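Working through the structure, step by step
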Amino acid sequence: MSSLPAMAPISSGGAGPLPRHIAIIMDGNGRWAKKRHLPRIAGHRQGVEAVRRVTRAARAMGIEALTLYAFSSENWRRPEDEVSDLMGLLRLFIRTDIDEMVRENVRLRVIGDYQRFSADTVSLVEDAIARTAGNTGPILAIALNYGAQAEIAAAARRLAEKVRDGTLDPGDIDEAAMEAELDTSDLPPLDLLIRTSGEVRLSNFLLWQAAYAELLFIETLWPDFDENTLAEAVAAFGSRQRRFGGL
């Protein structure tokens, strides 16, 4: 899977503000393959190509952070051979694209408990994170073995431990204290959450962070998602009025 050529800056397609942080539930790889009478792994391979297109497009648009739901904590329930294929694609993507991330000043982040993966995968992920840690440009956050409920529960445990240790007063626990313990604490607030393939649910993804995000559910299957689809989504975001509970 070769890298795409560098992209020139592209327009969001609208005059509204750009979202600083976009998150995407990348759904529809299996249905894309089924429609073409192909094995599911073919859909996943095309999904990786969509990741390349969209990460480059987001960078060209000036999006500060892009978070992609790559492997949920529930995906372990899938057949063992499919999980193995997904892990192989993850390793291949990192090996193929890490040099470009370094060159383009992209900082790679991983949210979720990726330590559950095989030792070679964990080592590859941590090396990629370390190689891009000094970069100062856009952030690509990949959710691996991620579940929002587990993330919130872990944050609550850390706050409880601070109270137990006497370093935190219970009265000081507020929204900011909780957000500081989340996996996304160093990312901009989530502005736009997109789900592909026509499904209309969050599937345990960024539940806390999505409290005031704009939600966009589209019919496009993930392997067909491209620069124009992203531009249309950003334009839709720009046309919305965000009141955050006010008038």
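Above this note sits the structure.
The following paragraphs examine the structure supplied in this document.

Grouped together as the largest cluster of nonpolar side chains are 47 residues, with contacts concentrated most on I22, I24, L144, I194 and L230. Here this core takes nine residues from helix α3 (residues 80-103), the largest share from any one element. If we ignore the near neighbours within four places in the chain, the residues touching L230 are I22, V54, A57, A58, M61 and F225. Judged by nonpolar contacts, the second largest core, of 13 residues, contains Y69, A143, L193 and L206.

Before going further, it helps to spend a moment on a nonpolar patch on the surface. Residues V200, L215 and F217 make up a contiguous nonpolar surface patch of roughly 240 Å² in combined accessible area. Relative to the helices and strands, V200 resides in the loop between β5 (192-195) and β6 (214-217).

The subject of this paragraph is empty space enclosed by the protein. Taken as a whole, this structure holds two cavities of 30 Å³ or more when the rule is applied. The space that makes up the largest cavity amounts to roughly 190 Å³. Together, 16 residues line the largest cavity, and T55, R56, R59, V106 and L140 are the ones closest to its centre. If you list the elements that add at least two residues to the lining of the largest cavity, you get α2 (40-61), β2 (65-72), α3 and β4 (139-146). Ranked by residue count, the leading element in the lining of the largest cavity is α2, at five residues. Looking at the lining of the largest cavity, its residues break down into 10 nonpolar, one polar and five charged. Approximately 30 Å³ is the volume attributed to the second largest cavity. In this structure, the second largest cavity is lined by L90, I94, L108, V110, V125, I142 and L144. Elements that contribute at least two residues to the lining of the second largest cavity include exactly α3, β3 (107-111) and β4.

Bringing the packing of α2 against α3 into the picture now. Contact geometry of α2 with α3 gives a least axis separation of 10 Å together with a crossing angle of 30 degrees. Overall, the two elements α2 and α3 adopt an arrangement that is roughly parallel. The crossing of α2 and α3 is right-handed. Residue-level inspection shows R40, I41, H44, R45, V48, V51, R52, R56 and R59 of α2 in contact with α3, the latter providing E82, D85, L86, L89, F93, T96, D97 and E100.

What follows concerns the sheet that holds β6. Taken in spatial order, the six strands make up an open sheet running β3-β4-β2-β1-β5-β6, and their pairing is parallel. In this open sheet, the two strands that pair with only one neighbour each are β3 and β6. Geometrically, the sheet is characterised by an average inter-axis angle of 20 degrees between neighbouring strands, direction not taken into account. As paired strands, strand β1 (residues 21-25) and β5 are joined by four bridges and run parallel to one another.

Criteria and thresholds
Residues numbered from 1 in each chain as written. Predicted model: local features only at pLDDT ≥ 70, side-chain atom pairs only at ≥ 80, totals over all residues. Heavy atoms only, no water. Core = buried A, V, L, I, M, F, W, Y, C linked by side-chain atoms within 4.5 Å. Buried < 20%, exposed > 50% of the residue type's maximum accessible area, 1.4 Å probe, protein only. Helix = DSSP H or I, 4+ residues; strand = E, 2+ residues; numbered from the N terminus. Contact = heavy atoms within 4.5 Å. Patch = residues over 30% accessible without salt bridge, like charges linked within 9 Å, V, L, I, M, F, W, Y side chains within 5 Å. Areas by Shrake-Rupley, 256 points an atom, 1.4 Å probe, with all protein chains shown as cover. Salt bridge = Lys/Arg side-chain N within 4 Å of Asp/Glu carboxyl O. 1 Å grid on protein atoms, 1.4 Å probe; cavity = no way out; pocket = protein on both sides within 12 Å on 5 of 7 lines; lining within 4 Å. Points joined across faces, edges and corners; volume = space filled by probe spheres on them. Nonpolar A, V, L, I, M, F, W, Y, C, P; charged D, E, K, R; others polar. Axes fitted to C-alpha atoms, helices over the stretch in contact; angles between N-to-C directions. Parallel < 35°, antiparallel > 145°, perpendicular 65-115°, else oblique. Left-handed = near helix turned anticlockwise from the far one by under 90°. Pairing = 2+ DSSP bridges.

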